Amino acid sequence: MREYTRFYIDGQWVEPAGQETLDVLNPATEAVAGRIALGTAADVDKAVHAARRAFPGWSATSREDRLAILGSILAEYQKRADDLAAAVTEEMGAPVSLARNAQVQIGLAHLATALEILKTFPFTQERGQTLIAREPIGVCGLITPWNWPLNQITCKVAPAIATGCTMVLKPSEIAPFSAQIFTEILEAAGLPAGVFNLVHGDGIGVGVPLSSHPEVDMVSFTGSTRAGIEVARNAAATVKRVAQELGGKSPHIVLDDAYLPQSVAGGVQGMMINSGQSCNAPSRMLVPAARMAEAIESARAAASSITVGPPDGNAQIGPVASQAQFDKIRGLIQSGIDEGATLVAGGVARPEGLDNGYYVQPTVFANVTPDMTIAREEIFGPVLSIMVYQTLDEAIEIGNDTEYGLAAYVSGADIDTARKVAARMRAGQVSINGARDLMAPFGGYKRSGNGREWGDFGFHEFVEVKAVLGYASQG
């Protein structure tokens, strides 16, 4: 039973201003796994002022000082890798293998990437007689989700530290354990007091006062589009920068060639990773109409090979993260059945033998039409919709016919055709044949957000640009 009832503010573990707590459930068992204190506006105010006091000193540190701190954080993170993996498994149900090899490792990768970028990041640049200076934006409010907790914490915290910002983190109250351990890592690494502060809580109690606080210069938010709109609304009065990575309904266009069976199977596997709880999941697969039957058989075989079970075993996917997710996903599966889509695999019922825990079967629908609910709404669970196209122009049109624009995928043997399709997709990141790159910018078009994370593009979100005219003038 984890008891995390203090906040990390100004380099100290302090008692909260209020008395309210929240039980954190293990989604694999539905039992209470721990308890956190719920922060208030008073806790946020205290943390923000600590970050404000720390900003002048931290922003003036040298590149070498920040490299040293990032190196120490990286070393401490590696020491606590097993603790982090256990926390992620317990808080959001990630299978042990996924927690160790993906959830924890992607956080490590973001830290290592930030360290490398910092070595050469151009904080100043002369253009004729003008100096372009990139300076830390100030105090940052960081609000992170539960689905890839360490990914989203590290891809915000690492560039914020590297660029000289100070910050207050509000992790998801659904999955707060890994954030607590990550904070212990920063403390052990010797990060100066006030540079990083942690306040647990929910959106109303902590998210709203953090995003609206007049002493916060920038808010970086990852979560649903609905919540992102509220964050932007709260931030508007103080004209602070808002960087958002929001929802998605990403298309996966499968080309009409010999790779189709492999492309479909790979798309099913990619959809089901992390129980489908990824904002960039390839949730809408588009296949040539003449090959729908072939696609169905490939998808059925791929889905049936995916094992579901307790995260401490050998299952490939565990439960979804909460009762709310469980109910929402099963409701949307039922809507797919009711609206006439062909159920290829899975369904509403719990997986056999799993009577407790928020387990959902890997579910595949075929013959989905663009007007169906499952083709429009972000399900955020292990549910794939297969749709048909007659021509590539139609595939691109259907793929772009969404309010979202976070990611898109193209699979096939003809790389030239894949490149042409990718060029026409209205999405912030397009992956050809499953390619991945942590240095590539990550973020969306349309209602999938604004701004970019990862790599050097992530650094730019945390800096202001100053032009010093006449810098190189000769007197």
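Everything here concerns the structure above.
Reading the values: the criteria
Residues numbered from 1 in each chain as written. Predicted model: local features only at pLDDT ≥ 70, side-chain atom pairs only at ≥ 80, totals over all residues. Heavy atoms only, no water. Phe/Tyr/Trp six-rings, centres within 6.5 Å; stacked < 30°, edge-to-face > 60°. Helix = DSSP H or I, 4+ residues; strand = E, 2+ residues; numbered from the N terminus. Buried < 20%, exposed > 50% of the residue type's maximum accessible area, 1.4 Å probe, protein only. Core = buried A, V, L, I, M, F, W, Y, C linked by side-chain atoms within 4.5 Å. Contact = heavy atoms within 4.5 Å. Pairing = 2+ DSSP bridges. Axes fitted to C-alpha atoms, helices over the stretch in contact; angles between N-to-C directions. Parallel < 35°, antiparallel > 145°, perpendicular 65-115°, else oblique. Nonpolar A, V, L, I, M, F, W, Y, C, P; charged D, E, K, R; others polar.

Peer 1: Describe the packing of aromatic side chains, naming the residues involved and giving the relevant values.
Peer 2: Inspection of the entire model under this criterion finds 9 aromatic pairs. On the basis of an interplanar angle of 45° and a centroid distance of 5.1 Å, the ring pair of Phe 121 and Phe 459 is categorised as tilted. Placement of the pair is Phe 121 in the loop between helix H4 (96–118) and strand E6 (124–127) and Phe 459 in helix H15 (residues 455–460), with a sequence separation of 338 residues. With respect to class, Phe 121 is no different from Phe 459; both count as buried. Relative to Trp 454, the ring of Phe 442 lies with its centre 4.8 Å away and its plane at 15°, an arrangement referred to as stacked. Placement of Phe 442 in the loop between strand E20 (429–432) and strand E21 (445–446) and of Trp 454 in the loop between strand E22 (449–450) and H15 is noted, with a sequence separation of 12 residues between them.

Peer 1: Got a sec to walk through the nonpolar core? Specific residues and values, please.
Peer 2: Core analysis: the biggest nonpolar cluster contains 72 residues, and Ile 73, Tyr 77, Val 157, Ile 161, Met 167 and Phe 196 have the highest contact counts within it. When sequence neighbours within four positions are dropped, the list of residues in contact with Ile 73 reads Leu 111, Ile 161, Ile 185, Leu 186 and Ala 189. Counting 29 residues, the second largest nonpolar core, distinct from the first, contains Tyr 358, Ile 374, Ala 408 and Val 410.

Peer 1: Can you tell me about the sheet that holds strand E15 (residues 342–345), naming the residues and giving the values?
Peer 2: In space, the 7 strands of this open sheet follow the order E15-E16-E17-E14-E13-E19-E20, with mixed pairing throughout. Of all strands in the sheet, those with a lone pairing partner are E15 and E20, marking the two edges. With direction set aside, neighbouring strand axes in the sheet form an average angle of 25°. Note that strand E13 (residues 251–254) and strand E19 (residues 407–411) share 3 bridges and pair parallel. Counterpart to Ile 253 in the pairing with E19 is Val 410. In the packing of helix H11 (residues 323–338) onto the sheet, the strands contacted are E15, strand E16 (363–366) and strand E17 (383–389), and the crossing angle to E16 comes to about 25°. Here helix H14 (residues 415–424) sits on the sheet in contact with E13, E19 and E20, set at roughly 170° to E20.

Peer 1: So, the packing of helix H7 (residues 203–212) against helix H8 (residues 225–236): which residues are in play, and what are the values?
Peer 2: In contact at an axis separation of 7 Å, H7 and H8 are set at 45° when each is read in the N-to-C sense. Overall, the two elements H7 and H8 adopt an arrangement that is oblique. Contact residues: H7 offers Val 208, Ser 211 and Ser 212, while H8 offers Val 231, Asn 234 and Ala 235. Per-class residue counts for the contact of H7 with H8 are 3 nonpolar, 3 polar and no charged.

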